[in-house]
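The residues making up each chain are set out below.
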Amino acid sequence: MQLFKCTNCHQPIYFENIFCGNCGKALGFLTESMHPVAFEPGYLYQYCANYHQGTCNWLVPESSGFVYCKACDLNRTIPDLSNPDYMLRWKKLEIAKHRLIYSLLRFRLPLSSKTTDPENGLAFDFVADQSTDPDKKIFTGYAEGLITINIAEADDIEREMVRRAMQEVYRTLLGHFRHEIGHYYWERLIAGTERIVAFRELFGDEQADYKKALKQNYQSGAPANWNDNYISAYASAHPWEDWAETWAHYMHIIDTLETAYSFGLSVDPLISGSSEDLKANIKIDPYHINDFETIIGYWLPLTFAMNSLNRSMGLNDLYPFVISNPVKAKMKFIHQVIQSHF
């Protein structure tokens, strides 16, 4: 995410701000400029209807006839808002989802709602478990343009319990959104296209029995050497999951580098004779970088610095993953697919 400033007083603001803490002006995110703007409600633009729920600060042109913004228009199901806990979880989900949609708009990827495009559109169901019966549990997942997220994932304690139970090193709401949207774009950008040949060369044959592969993965776990070829253990379960996991990490990289670029960050270790591989001067917006090697050239020094900073605070590594050459090749393919839409 890039840095933003108030268009009235030029003070730094956050993506989610609804008013400027310095000048007090109302702020709303304008997708036409991809920037929050100071504005007078009721003049040309109005807030998305979900502003009144405290979950959205995006703007809608008054003349459009729409009440929901491009992000909220994708919602098919939201939790029961009479439950205060559900309301809080929905707010967290919307923060993550809006950051996802921001990235998709910056990538200029095809994005439509199932309401207007039932065949190719996207929709979200944010659903709570209604029973303690394990067989009736709501699972986070993707199917035919519909992303379902169990709102329990928005509870930090419950999500951490699942992370530990599944022996994952990373589990966040934004990570879920980025993974599941990867499945959506596999269908939109890869399936039924000439790209399927290159996909299979890198990720494997997706025609392998998906349910059988997942069952095998849950029963036996990932192969011992999974990190030689995959970004995560789960990615080794099936080519579809490999694609979705790699897609999610590609989005992690681009979004984090955009932030670093906005801060004018450079990495130049003071240790004597430090390798050029540990140095980076991030001068280009990653959304505008055509060469994936340049992106990786920025990313590796940045993650070394970020992980070192986290360790200084007594925290786990911010990015505890290894990008092997096979994984890099997969990310490069995803980068080329996305770049073709610019």
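Refer to the structure printed above.
Note that the structure is a prediction, hence the values are computed from the model and not measured. (Residues numbered from 1 in each chain as written. Predicted model: local features only at pLDDT ≥ 70, side-chain atom pairs only at ≥ 80, totals over all residues. Heavy atoms only, no water.)

Here we look at the overall build of the chain
A tally of helices and strands in the chain yields 8 helices and 12 strands. Rg of the C-alpha trace for the chain: 21 Å, near the compact-globule value of 20 Å for 342 residues, within the 12% margin. Along the three orthogonal principal directions, the C-alpha set of the chain runs to about 60 × 60 × 45 Å. Looking at the chain residue by residue over its 342 residues, the buried ones come to 44%. Expressed as a percentage of contacts within the chain between residues at least 6 apart in sequence, the contacts between residues at least 24 apart total 59%. Of the roughly 17,800 Å² that the chain leaves accessible, carbon and sulfur atoms contribute 52%. Across the chain, the centroid of the 31 positively charged side chains sits 2 Å from that of the 41 negatively charged ones. (Helix = DSSP H or I, 4+ residues; strand = E, 2+ residues; numbered from the N terminus. Rg over C-alpha atoms; globule rule 2.2 N^0.38 Å. Buried < 20%, exposed > 50% of the residue type's maximum accessible area, 1.4 Å probe, protein only. Contact = heavy atoms within 4.5 Å. Areas by Shrake-Rupley, 256 points an atom, 1.4 Å probe, with all protein chains shown as cover. Lys, Arg positive; Asp, Glu negative; His and termini not counted. Charge placed at Lys NZ, Arg CZ, Asp CG, Glu CD.)

Regarding the packing of helix α1 (residues 84–107) against helix α6 (residues 239–262)
Two numbers describe how α1 lies on α6: the axes approach to 11 Å, and their chain directions differ by 85°. Our classification of the angle between α1 and α6 gives roughly perpendicular. Contact with α1, carried on its side by Leu100, Tyr102, Ser103, Leu104, Arg106 and Phe107, involves Tyr250, Met251, Ile254, Asp255 and Glu258 of α6 and no other residues of that element. Within the contact of α1 with α6, the residues separate by chemical class into 7 nonpolar, 1 polar and 3 charged. (Axes fitted to C-alpha atoms, helices over the stretch in contact; angles between N-to-C directions. Parallel < 35°, antiparallel > 145°, perpendicular 65-115°, else oblique. Nonpolar A, V, L, I, M, F, W, Y, C, P; charged D, E, K, R; others polar.)

Quick word on the pattern of salt bridges
One pass over the structure, following the stated rule, counts 18 salt bridges. For the salt bridge of Glu158 with Arg89, the shortest nitrogen-to-oxygen distance reads 3.2 Å. One end of the pair, Glu158, is in helix α2 (residues 156–165); the other, Arg89, is in helix α1, and 69 residues separate them in sequence. Between Glu258 and Arg106 there is a salt bridge, with the nearest N and O atoms lying 2.8 Å from each other. (Salt bridge = Lys/Arg side-chain N within 4 Å of Asp/Glu carboxyl O.)

Describing unusual backbone geometry
Leaving glycine out, the prevailing phi sign among residues is negative, and the prevailing peptide bond configuration is trans. One non-glycine residue, His10, adopts positive backbone phi at about 70°. Summarising the element assignment, His10 is placed in the loop between β1 (4–5) and β2 (12–13). The backbone of Arg108 sits at a positive phi, close to 60°, despite the residue not being glycine. For Arg108, the position within the fold is in the loop between α1 and β8 (123–127).

Topic: the sheet that holds β8
Ordered by their spatial adjacency, 4 strands build an open sheet running β7-β8-β10-β9, and the pairing between neighbours is mixed. Lying at the two open borders of the sheet, with one neighbouring strand each, are β7 (75–77) and β9 (141–143). Put simply, the sheet's adjacent strands are angled 25° from each other on average, direction ignored. Here α1 sits on the sheet in contact with β7, β8 and β10 (146–150), set at roughly 160° to β8. Together, β8, β9 and β10 form the strand contacts of helix α3 (residues 173–189), whose direction differs from that of β9 by roughly 15°. (Pairing = 2+ DSSP bridges.)

Re a nonpolar patch on the surface
Together, Leu3, Phe263 and Leu265 make up an exposed nonpolar region whose accessible area comes to about 280 Å². In this structure, Leu265 sits in the loop between α6 and β11 (266–267). (Patch = residues over 30% accessible without salt bridge, like charges linked within 9 Å, V, L, I, M, F, W, Y side chains within 5 Å.)

Quick notes on the packing of aromatic side chains
Geometrically, a pair of aromatic rings is defined through the distance of the ring centres and the angle of the planes. Scanning all chains against the criterion turns up 30 aromatic pairs. Ring plane angle 55° and centroid distance 4.9 Å describe the contact between Phe107 and Tyr287, whose orientation is recorded as tilted. Separated by 180 residues along the polypeptide, Phe107 in helix α1 and Tyr287 in the loop between β12 (280–281) and α7 (292–312) bring together distant segments of the chain. Residue Tyr287 is classed as buried on the basis of its relative accessible area, which comes to 2%. (Phe/Tyr/Trp six-rings, centres within 6.5 Å; stacked < 30°, edge-to-face > 60°.)

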